[in-house]
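# Descriptive analysis of the structure
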Amino acid sequence: MTIPGGFDTAAFVRATLAEDLGEGGDITSAAVIPADARFTGVMDSRDPIVVAGLELAEAFFRMLDPDVAIERVVEDGQRVAAGSDLLRLTGNARALLTAERSALNTVQHLSGIATLTATYVDAIAGTGATLLDTRKTIPGLRVLEKYATRMGGATNHRMGLWDAAMIKDNHVAVAGGIAAAVRRAVAAGIARVIVEVDRIDQIAPALEAGATHLLLDNMPPPTLREAVALVAGRVPTEASGGVRLDTIRAIAETGVTYISVGRLTQSAPAADIGLDFALV
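In short, a report on the structure. In this text, all values refer to a predicted model and were calculated from it rather than measured experimentally. (Residues numbered from 1 in each chain as written. Predicted model: local features only at pLDDT ≥ 70, side-chain atom pairs only at ≥ 80, totals over all residues. Heavy atoms only, no water.)

## Notes on the pattern of salt bridges
With the rule as written, the count across this model stands at 13 salt bridges. A salt bridge links D201 to R199; the shortest N-O distance between them is 2.9 Å. The exposed category is assigned to D201, whose relative accessible area is 52%. One salt bridge in this structure joins R244 and D246, with 2.9 Å as the shortest N-O distance. R244 gets classed as partly exposed once you look at its relative accessible area, which sits at 39%. (Salt bridge = Lys/Arg side-chain N within 4 Å of Asp/Glu carboxyl O. Buried < 20%, exposed > 50% of the residue type's maximum accessible area, 1.4 Å probe, protein only.)

What follows is the structure in structure tokens.
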């Protein structure tokens, strides 16, 4: 798997390294490590994980040592056991030690998202429901975090404000009602009009006005079943709001098309991944 083409990997790597190096550079490596010293290292996982971000890790090492030799042992999206090697590399010791933290931070964060996502995907296996991510991402990292959810088996929902209308309660309040808000979106020529509803009586007005997707917000499973029956397949339905690992299966079994989970990107713990060096 590769990072989406619209993402500027080189700019991300330069900015991240600049943040770490500041004006003084890696004073520890410069003082302690001979300029011509060589190291061989192994990046490995200390826990079972779903891998994401190895391409970026390689980019950090190559930015500081263009001649580094890297062997990618696994690929993004793979599930690996605790103790698995992810990358093996040999190169200039100063360069590898300087890039180490930036590379690890990135892979730990993205693999943590992919791993958490996979647990949610597993929890709804066989129900027919599809797991979606959300826009609850760290500013500037959306493309990477949504890449990581894909590696974990989720489907990307909206990438931003531009690719679908999402009419929520504040839009409805200002527009003067769900039907009025939906009609304005349809009149504007927007092809995908997603409407958030939190009551059964909002469904008919939304559909009659032209909604193409209903987000069923914070509804318990019995209400979700009622909503799915009322929609009767006319548009996709999406359960959202407060979804947890211990509740997602019951939600999926109501017959909803999608389930969106903000915590995939908002609350995923970093994966335990290390980089162990051995003097050659």
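Here the narrative resumes, following the displayed structure.
## Let's talk about the packing of helix α1 (residues 9–21) against helix α4 (residues 93–123)
Two measures define how a pair of helices packs: the angle their axes make with one another and the distance between the axes. The N-to-C vectors of α1 and α4 enclose an angle of 120 degrees; their axes lie 10 Å apart at closest approach. Relative to α4, the element α1 is oriented oblique. Pair α1 / α4 crosses with right-handed handedness. When α1 is examined against α4, the residues F12, T16, L17, D20 and L21 are found in contact with a partner set consisting of T98, A99, R101, S102 and T106. Classifying every residue of the contact of α1 with α4 by side-chain character gives four nonpolar, four polar and two charged. (Axes fitted to C-alpha atoms, helices over the stretch in contact; angles between N-to-C directions. Helix = DSSP H or I, 4+ residues; strand = E, 2+ residues; numbered from the N terminus. Parallel < 35°, antiparallel > 145°, perpendicular 65-115°, else oblique. Left-handed = near helix turned anticlockwise from the far one by under 90°. Contact = heavy atoms within 4.5 Å. Nonpolar A, V, L, I, M, F, W, Y, C, P; charged D, E, K, R; others polar.)

## Notes on the sheet that holds strand β8 (residues 193–197)
Judged by pairing direction, the sheet is parallel, and its six strands sit side by side in the order β6-β11-β10-β9-β8-β7 without closing on themselves. Of all the strands in the sheet, just β6 (130–132) and β7 (165–167) have a single pairing partner and so form its edges. Recorded for the sheet is a direction-independent mean angle of 25 degrees between the axes of neighbouring strands. Pairing of β7 with β8, which is carried by three bridges, proceeds in the parallel orientation. (Pairing = 2+ DSSP bridges.)

## Structural notes on the environment of A95
Note that A95 resides in helix α4. When its relative accessible area of 8% is taken as the criterion, A95 is described as buried. In contact with A95, other than residues within four places in its own chain, are L64 and D65.

## Quick look at the layout of surface pockets
Space inside the largest pocket adds up to approximately 400 Å³. T134, K136, K168, S240 and S260 are the residues nearest the centre of the largest pocket, which is lined by 22 residues in total. Contributing elements (two or more residues each) for the lining of the largest pocket: β9 (213–217), β10 (237–240) and α11 (263–266). Looking at the lining of the largest pocket residue by residue, the classes come out as four nonpolar, nine polar and nine charged. (1 Å grid on protein atoms, 1.4 Å probe; cavity = no way out; pocket = protein on both sides within 12 Å on 5 of 7 lines; lining within 4 Å. Points joined across faces, edges and corners; volume = space filled by probe spheres on them.)

## A word on α4
Relative to the 45 Å expected for 31 residues at 1.5 Å per residue, α4 spans 43 Å between its end C-alpha atoms, a close match to the ideal helical length. The largest bend in α4 comes to about 40 degrees, at E100. Measuring from the backbone nitrogen of R94 back to the side-chain oxygen at the start of α4 gives 3.1 Å, which picks out N92 as the cap. (Expected span 1.5 Å × (residues − 1). Bend = angle between axes of the 7 residues up to and from the residue. Polar contact = N/O pair within 3.5 Å; in protein donor to acceptor, adjacent residues only side chain to side chain.)

## Some words on the packing of aromatic side chains
Applying the stated criterion across every chain, the model contains three aromatic pairs. Between the aromatic rings of F12 and F60, the centroid separation amounts to 6.0 Å while the plane-to-plane angle is 65 degrees, which identifies the pairing as edge-to-face. Remark: F60 occurs in helix α3 (residues 54–64) and F12 occurs in helix α1; sequence separation between them is 48 residues. Here the two residues F12 and F60 agree in accessibility, since each one is buried. Where F39 meets F277, the ring centres are 5.9 Å apart and the plane angle is 85 degrees; that geometry is what we call edge-to-face. Placement of F39 in strand β1 (residues 38–45) and of F277 in strand β12 (residues 273–279) is noted, with a sequence separation of 238 residues between them. Its relative accessible area of 22% is what places F277 among the partly exposed residues. An aromatic cluster of at least three residues, connected via ring pairs, comprises F7, F12 and F60. (Phe/Tyr/Trp six-rings, centres within 6.5 Å; stacked < 30°, edge-to-face > 60°.)

## Re the packing of α3 against α4
In contact at an axis separation of 8 Å, α3 and α4 are set at 165 degrees when each is read in the N-to-C sense. Taken together, the axes of α3 and α4 are roughly antiparallel relative to one another. Considering how the two elements wind past one another, α3 and α4 form a crossing that is right-handed. Touching L54, L56, A57, F60, F61 and L64 of α3 are A95, L96, T98, A99, E100, S102, A103, T106, V107 and L110, all from α4. Taken together, the residues of the contact of α3 with α4 sort by class into 12 nonpolar, three polar and one charged.

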